[in-house]
Structure formats: structure tokens, C-alpha cells
Amino acid sequence: QAQLVESGGGSVQAGGSLRLSCVGSERTLSNYVMGWFRQAPGKEREFVAAVGRSFSNTLYTDSVKGRFTVSRTSANTMYLQMNNLKPDETAVYYCCAALIKTVAEMRSPNGMDYWGKGTLVTVAS
């Protein structure tokens, strides 16, 4: 079993930036697609971004394109650079990993093999 641990959350003013990290341990994730989801209070968990096994194939939800950048520097380390944050992006951000999904299939939270426990991002207006 892999363990995913997120870090880098915190409080920021609208328009500010944060960089989230996700580090996997206990097993290599080289054959896994990795991604980020977020969940605001009272809302469903929603897809944010994903990065493929080759580290170069990425996917974003439309609302973050041009502001967020997902990257993967090793099989077990993924980042989410978030710029120009908005108050409605306040949420718990989760990283995840899936063995048999494609990057496009990462839009659904179903079928993930591993989830982290999340890191809270608060964007003040």
C-alpha cells in the first residue's frame, strides 16, 4: 500500500499563490497517474488537475487553466502551483493516484487506488 501525504496548504489573500506538494511512500508510483482534487464545505469533491506516467501529459479543469500548474518531478513527487487564487477556491485539496486510469479518466474521483488526507487552502477576499 502506498501512502500519499500532501503539504503546502495555508491561508492566502485573493490573488495570492501557494504551492502544494504530494509525496508518496511505501511503494513506487511510476506506473500510476497522479492528480489533484478539491472539496469545499458542503460540495462534492471536484477534479483540479492530473499528470501522467511520463510526467509530460497534463490535464486541468477549465476554471484553473492558465493559473495552476501541475508537475511531477519523480515517480512519487507531485506539485500543484496555484497562482491568482480566488476565494471560491477555498477547499481541502487532495492528491490521488490511479494505476489503470488514463489522464483523461482522472476527471472522475471513482476508481482511485490511493488518496491523501488532504491539505486545507483558505483564500480570503
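Please read all numbers here as calculations on a predicted model, not as lab measurements.

The rules behind the values
- Residues numbered from 1 in each chain as written.
- Predicted model: local features only at pLDDT ≥ 70, side-chain atom pairs only at ≥ 80, totals over all residues.
- Heavy atoms only, no water.
- Core = buried A, V, L, I, M, F, W, Y, C linked by side-chain atoms within 4.5 Å.
- Buried < 20%, exposed > 50% of the residue type's maximum accessible area, 1.4 Å probe, protein only.
- Helix = DSSP H or I, 4+ residues; strand = E, 2+ residues; numbered from the N terminus.
- Phe/Tyr/Trp six-rings, centres within 6.5 Å; stacked < 30°, edge-to-face > 60°.
- Lys NZ or Arg CZ within 6 Å of the ring centre and 35° of its normal.
- Pairing = 2+ DSSP bridges.
- Axes fitted to C-alpha atoms, helices over the stretch in contact; angles between N-to-C directions.
- Polar contact = N/O pair within 3.5 Å; in protein donor to acceptor, adjacent residues only side chain to side chain.
- Salt bridge = Lys/Arg side-chain N within 4 Å of Asp/Glu carboxyl O.

> Honestly, the nonpolar core in this entry has me stumped. Any pointers?
Side chains of a nonpolar character, in soluble globular proteins, are inclined to be buried together. Of all hydrophobic cores here, the largest spans 29 residues; its most connected members are Trp 36, Leu 80, Met 82 and Tyr 93. Broken down by secondary-structure element, the contributors of at least two residues to this core are strand S3 (18-25), strand S4 (33-39), strand S5 (46-51), strand S7 (68-74), strand S8 (77-82), strand S9 (91-98) and strand S11 (119-124). Here the element with the most residues in this core is S9; it accounts for four residues. In this structure, Cys 96, Ala 98, Val 103 and Met 106 belong to the second largest nonpolar core, which totals ten residues.

> Looking at this structure, how should I read the packing of aromatic side chains?
In this description, an aromatic ring pair is defined by two values, namely the gap between the centres and the angle between the planes. For the coordinates displayed, the defined rule picks out four aromatic pairs. Seen from their ring centres, Tyr 32 and Tyr 114 are 5.8 Å apart, and the 40° between their planes marks the pair as tilted. Remark: Tyr 114 occurs in strand S10 (residues 114-115) and Tyr 32 occurs in the loop between S3 and S4; sequence separation between them is 82 residues. Overall, the relative accessible area of 5% leaves Tyr 32 in the buried class. Pairing Tyr 94 with Trp 115 gives two aromatic rings, centres 6.4 Å apart and planes at 90°, and the pair type is edge-to-face. With Tyr 94 in strand S9 and Trp 115 in strand S10, the pair connects residues that are 21 residues apart, well separated along the chain. On the accessibility criterion, Tyr 94 (12% relative accessible area) is buried. A residue is classified by how much of its surface remains accessible, and Trp 115, at 29% relative accessible area, is partly exposed. Positioned over the ring face of Tyr 79 is Arg 19, at 3.8 Å from the centre of the ring. Over the ring of Trp 115 we find Arg 45; its NZ or CZ atom is 4.6 Å from the centre of that ring.

> Explain the sheet that holds S3 to me, please; I cannot follow it from the model alone.
Through backbone hydrogen bonds, the strands of a sheet pair up, either in parallel or in antiparallel fashion. Strand order across the open sheet formed by four strands is S1-S3-S8-S7, with antiparallel pairing between neighbours. Both edges of this open sheet fall to strand S1 (3-7) and S7, since each of them pairs with a single strand only. Adjacent strand axes in the sheet meet at a mean angle of 15° when their direction is disregarded. With six bridges joining them, S3 and S8 adopt antiparallel strand pairing. Within the sheet, the bridge partner assigned to Cys 22 lies in S8 and is Met 78.

> I tried to follow the environment of Lys 65 on my own but got confused; where do I start?
The residue Lys 65 is located in the loop between strand S6 (58-60) and S7 in this model. Spatially, the C-alpha atoms of Lys 65 and Ala 49 are 9.3 Å apart, while their sequence positions differ by 16 residues. Side chain to side chain, Lys 65 and Asp 62 meet in a polar contact 3.0 Å long.

> Would you take a moment to explain the pattern of salt bridges for this structure?
Two side chains of opposite charge can pair, provided their charged atoms sit close to one another. Evaluation of the coordinates by the stated rule reveals four salt bridges. Two residues, Glu 46 and Arg 38, come together in a salt bridge whose shortest N-O distance is 2.6 Å. In this structure, Lys 65 engages Asp 62 in a salt bridge whose closest nitrogen and oxygen atoms are separated by 3.0 Å. Lys 65 sits in the partly exposed class, given a relative accessible area of 49%. Taken together, the salt bridges that share partners define one network made up of Arg 38, Glu 46, Arg 67 and Glu 89.

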